[in-house]
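Coordinate inspection notes
What follows is each chain in one-letter form.
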Amino acid sequence: MSRHNRVAIGILLIVIATVGVAWGIMRRSPVVTSNKLSISTSFYPLWFFASQIGGQYADVHNITPSGAEPHDYEPTSQDVVTIESGNLLILNGGVEAWGDKLKASLKGTKTTVVVAGQGLLTHTLTENGVTGVDPHVWLQPQLAADEAQVIANAMIAADPVHATTYQENLQTLLSQLSQLDTAYRLGLSSCKQTAFVTSHAAFGYLAEHYGLTQQAIAGLSPDAEPSTQQLADVTAFAKKNNVRYIFFESLVSPKLAQTIAAEVGAKTLVLDPLEGVSPQDQTAGRDYVSIMTDNLHNLQLALQCTK
Ligand SMILES: [Zn+2]
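Note that this is a predicted model, so its numbers are computed, not measured.

Let us look at the overall build of the protein chain. Along the backbone of the protein chain there are eleven helices and ten strands. The buried share of the protein chain, taken over its 307 residues, is 39%. Long-range pairs, those at least 24 residues apart, make up 63% of the contacts in the protein chain with a sequence separation of at least 6.

Dropping the structure here:
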């Protein structure tokens, strides 16, 4: 073996030994646990509110994956592990069919369950003889603000050390929600029409708050198959009210909206119930506030508003 090769092998052995020692140190190092509040939220708007309020002091895990729709979503076993090892589980109420089951199993654990929509779900809807509670309060900015307050209270109770930051972040969020409410009030104050057709009945609280009338193709959940009678009712409603746009949702097939639009000579347009935000939209920087603003613009277009 040449001297050159011996030197090369020597260097190689030193490198291997160094890597081995470093690896050993890494493996022996204690696992660094996060001091942040660990929060699970059931779907997008709650994730957005909790992330805004929690800021740097909270790790917020969203159960319904971006781009999925929460009405019929079931958490994975990994989600359940994350929820059970966390400080808070934030639900809306009325959306998460799995929530009640999980609430029972979390009794006696360190995970506190917070139902942000508690006391706010005042609307019901009867479809095919069955009455259900309308959970879509996050689409009305003042009710969204109430949910944000409940979430902030729970965070402060769980982590009083950072109460000041949570309060400050809450105030920033509440001011954004208040600006949205003002924009909706002004933007919808002088419109030729007040009736609109949506994909599923997600905009009842919003419609009531701003003096509008919603007619939905499907019921309270987007996966509910509308009956022939419901479709006939929607078509009749659209014709009677001269509806110019039929709204559809980005996470649900627009087929029914397109069929009705063709039948009544209307166009289609997105009205997003914010039940999930696609990964592409999130990458593009879209969030609760920007999507609510887009929804307002599309409502103004559909209702022929002049402001
Ligand atoms: Zn919904």
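Attention now goes to the packing of helix α5 (residues 141–158) against helix α6 (residues 163–187). At a closest axis distance of 9 Å, the pairing of α5 and α6 adopts a crossing angle of 175°. Relative to α6, the element α5 is oriented roughly antiparallel. Residues P141, Q142, A144, A145, A148, Q149, A152, M155 and I156 of α5 form the contact with α6, whose participating residues are A163, Y166, L170, L173, L174, L177, L180, D181 and Y184.

Next up on the list: the nonpolar core. One finds A50, I53, I90, A148, I151, M155 and I246 to be the most contacted residues of the largest nonpolar core, which totals 76 residues. In terms of residues, this core owes the most to one element, α5, which gives eight residues. Residues lining this core come from more than one domain, with at least three contributed by each of domain 2 (37–183) and domain 3 (189–302). Beyond its immediate chain neighbours, meaning those up to four positions away, A148 contacts F49, I53, L170, L173, L174 and L177.

Attention shifts here to the sheet that holds strand β3 (residues 88–91). Strand order in the open sheet formed by four strands is β2-β1-β3-β4, and the pairing between neighbours is parallel. Looking at strand neighbours, the two that pair on one side only are β2 (58–62) and β4 (112–115), the edges of this open sheet. Geometrically, the sheet is characterised by an average inter-axis angle of 25° between neighbouring strands, direction not taken into account. Of the strand pairs in this sheet, strand β1 (residues 37–41) and β3 are connected by three bridges, and their pairing is parallel. In the strand pairing of β3, S40 is matched with L89. Strands β1, β2 and β3 of the sheet are contacted by helix α2 (residues 44–54), whose axis makes an angle of about 175° with β2.

Over its 13 residues, helix α8 (residues 228–240) extends 18 Å from the first C-alpha to the last, a length consistent with the 18 Å expected when each residue adds 1.5 Å. One or two positions beyond α8, positive phi appears at N242, with a value near 50°.

Let's shift gears to the pairing of β3. Moving residue by residue along a regular strand, the side chains alternate between the two faces of the sheet. Burial along β3 is two-sided: the residues L88 and I90 and L89 and L91 are all buried. As paired strands, β3 and β4 are joined by four bridges and run parallel to one another. Bridge pairing links I90 to V114 in β4. Following the backbone out of β3, through helix α4 (residues 99–106) and into the adjacent parallel β4, one traces a crossover that is right-handed.

Let us look at the environment of Q167. Among the secondary structure elements, Q167 is positioned in helix α6. Through-space distance from the C-alpha of Q167 to that of M155 is 9.8 Å; in sequence the pair is twelve residues apart.

The rules behind the values
Residues numbered from 1 in each chain as written. Predicted model: local features only at pLDDT ≥ 70, side-chain atom pairs only at ≥ 80, totals over all residues. Helix = DSSP H or I, 4+ residues; strand = E, 2+ residues; numbered from the N terminus. Buried ≥ 20, exposed ≤ 12 C-beta atoms within 10 Å, placed from the backbone. Contact = placed C-beta atoms within 7 Å. Axes fitted to C-alpha atoms, helices over the stretch in contact; angles between N-to-C directions. Parallel < 35°, antiparallel > 145°, perpendicular 65-115°, else oblique. Core = buried A, V, L, I, M, F, W, Y, C linked by C-beta atoms within 7 Å. Domains from an automatic or database assignment. Pairing = 2+ DSSP bridges. Expected span 1.5 Å × (residues − 1). Right-handed = clockwise from strand over helix to strand, strands pointing away.

These results come straight from atomic positions and should not be treated as a statement about function.
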